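Listed here are the chains, written in short residue letters.
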Amino acid sequence: MPGSRMVIYVLALKKKTLSASARIVTFLLTLMLVCVANAAQKPTCKTLTASGNPEYPPLLWEDPGAPEHLTGAATALLEEILESLGVKLEVQNLGSWARVQRLAKIGELDMVAGAFITSERIQYMDYLLPPFTNLAASIWVPKDKVFEYRHWPDLQGRRGSTLINNSFGQGFDRYAEDNLQIVGVRTIEQSFEMAIAGRIDYVLYERLQGQVKLQRLGLADEFVALDVPVSTEGLFFTFSKNSSCNTFELRERIADRLYTLVNAGRLDELVSEYTARYMSLKP
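The numbers attached to residues start from 1 for each chain and follow its sequence in the written order. Only residues with pLDDT of 70 or above have their local features reported here, since the model is predicted, and side-chain atom pairs are shown and tallied only from 80 upward, although totals for entire chains, interfaces and linings are computed over all residues. To obtain the side-chain values, all non-hydrogen atoms of the structure were included, while hydrogens and water were left out.

A. Representation of the pattern of salt bridges. Within this document, salt bridges are pairs made up of a side-chain nitrogen of Lys or Arg and a carboxyl oxygen of Asp or Glu, the two lying within 4 Å of each other. For the structure shown, the criterion picks out 9 salt bridges. The partner of E80 in a salt bridge is R266, and the shortest N-O contact between them spans 2.6 Å. Here R266 lies in helix α8 (residues 266–279) and E80 lies in helix α2 (residues 73–84), a separation of 186 residues in the sequence. Working definition: with a 1.4 Å probe on protein chains only, accessible area under 20% of the residue-type maximum means buried, over 50% means exposed, and in between means partly exposed. Assessed through its relative accessible area of 26%, E80 is described here as partly exposed. By relative accessible area, R266 is classed as partly exposed at 22%. Secondary structure elements are taken from DSSP: a helix is a run of H or I of four residues or more, a strand is a run of E of two residues or more, and numbering for both begins at the N terminus.

This is the structure we're talking about:
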């Protein structure tokens with residue numbers, strides 16, 4: 001019967017239309033869930049927490065106006081980089097270099113603003129290339145107690161001091177552990193005081209940082225850095241592997257901007273500026 005066939009045709013058409021609509025709705029819902037899942041897996045980093053060695057002027061030191069924070073050329077450079085990427089930087093003063101490394105290891109700190117490469121640290125931190133500077137580590141001695149230093153074995157039998165958990169390159173660290181007597185202290189001022197008192201023979205500290213520290217302490221005429229450096233190492237910005245901000249995309253964007261600024265000599269400008277700031281502080 002013609003009428004019956006017409007009803008069947010209309011019902012079949014409605015069924016096809018509903019099936020197509022259902023498929024579209026299902027597709028859109030699936031797409032939305034995928035987008036939500038991806039967003040959950042890759043959270044946007046709005047604020048990045050960083051810290052570093054508070055005994056490292058002019059690159060890093062305690063901000064006298066806000067002791068809970070650090071200031072210096074290293075964090076100024078990092079802030080410039082992150083600002084261009086829409087990320088806010090919070091630089092915390094965590095009290096000691098050893099504590100900074102512990103918190104980076106467990107992911108309670110996003111980034112370290114200045115670290116040398118060691119086999120231990122690469123287990124819990126991702127290093128951003130290129131290094132933002134290269135630093136020479138020196139043997140500092142009282143001027144009236146200068147001794148001949150040509151290579152590491154010349155330090156055997158002598159007592160030294162430096163900051164707790166400080167590194168001067170993988171090679172020297174291993175040699176020192178097996179052959180040298182180096183006392184770790186919380187502040188580098190302690191090391192210089194121990195040298196003046198004759199309790200140690202030398203202070204192991206970076207040349208740039210030593211020059212700035214001693215000048216501000218009024219001890220620049222009391223110490224001299226021996227000519228041959230212990231090591232010269234690249235200093236890097238590093239991400240904690242456990243940081244939620246540590247994504248491939250953000251690392252690449254930071255590294256790209258870092259490369260541009262370093263090649264343009266921006267860090268040298270900041271070092272000059274922050275050296276003047278540090279020297280203007282009262283001891």
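B. Region of the structure containing helix α3 (residues 97–106). Taken together, the buried positions of α3 are W97, A98, V100, Q101, L103 and A104. Contacts were defined at the residue level, with two residues in contact if any of their heavy atoms lie within 4.5 Å. Buried positions along α3 lie against β1 (47–51), β6 (111–115), β7 (125–127) and β13 (231–240). Of the residues flanking the end of α3, it is G107, one or two places downstream, whose phi is positive at about 85°.

C. Local environment of the nonpolar core. By nonpolar core we mean a set of buried residues, namely Ala, Val, Leu, Ile, Met, Phe, Trp, Tyr and Cys, connected to one another through side-chain atoms within 4.5 Å. Grouped together as the largest cluster of nonpolar side chains are 39 residues, with contacts concentrated most on L48, L59, L77, M111, F132, F237 and I254. Contributions of two or more residues to this core are made by β1, β3 (60–62), α2, β5 (88–91), β6, β13, α7 (248–263) and α8. A per-element tally of this core places α2 first, with 7 residues. Once residues lying within four places of it in the same chain are set aside, the contact partners of M111 are L48, T49, A50, S51, L78, L128, F237, T238, F239 and I254. Within the second largest apolar cluster, 15 residues are counted, among which are A137, I139, Y175 and L180.

D. The arrangement of the sheet that holds strand β4 (residues 70–71) in detail. Strands qualify as paired when DSSP identifies two bridges or more between them. With antiparallel pairing, the 3 strands of this open sheet are ordered in space as β2-β3-β4. Of all strands in the sheet, those bounded by a partner on one side alone are β2 (55–56) and β4. Bridge count between β3 and β4: 2 bridges; the pairing is antiparallel. Directly across from E62, in β4, lies its bridge partner L70.

E. Quick look at the packing of aromatic side chains. Only centres within 6.5 Å qualify two rings of Phe, Tyr or Trp (six-membered ring in Trp) as a pair; their planes then separate them into stacked at under 30 degrees, edge-to-face at over 60, and tilted for everything else. Scanning the entire structure with this criterion turns up 10 aromatic pairs. Measuring from centroid to centroid gives 6.5 Å for F147 and Y202, while their planes differ by 65°, and the two rings are edge-to-face. Of this pair, F147 sits in the loop between β8 (133–142) and β9 (159–163) while Y202 sits in strand β11 (residues 202–206), and the two are 55 residues apart along the sequence. The exposure class of Y202 is buried, given its relative accessible area of 0%. Considering the side-chain rings of W152 and F172, the 5.4 Å spacing of their centres and the 75° angle between planes classify their relative orientation as edge-to-face. Taken together, the residues W152 in the loop between β8 and β9 and F172 in helix α4 (residues 170–179) connect sequence positions 20 residues apart. Take W152: its relative accessible area is 26%, and that puts it in the partly exposed class.

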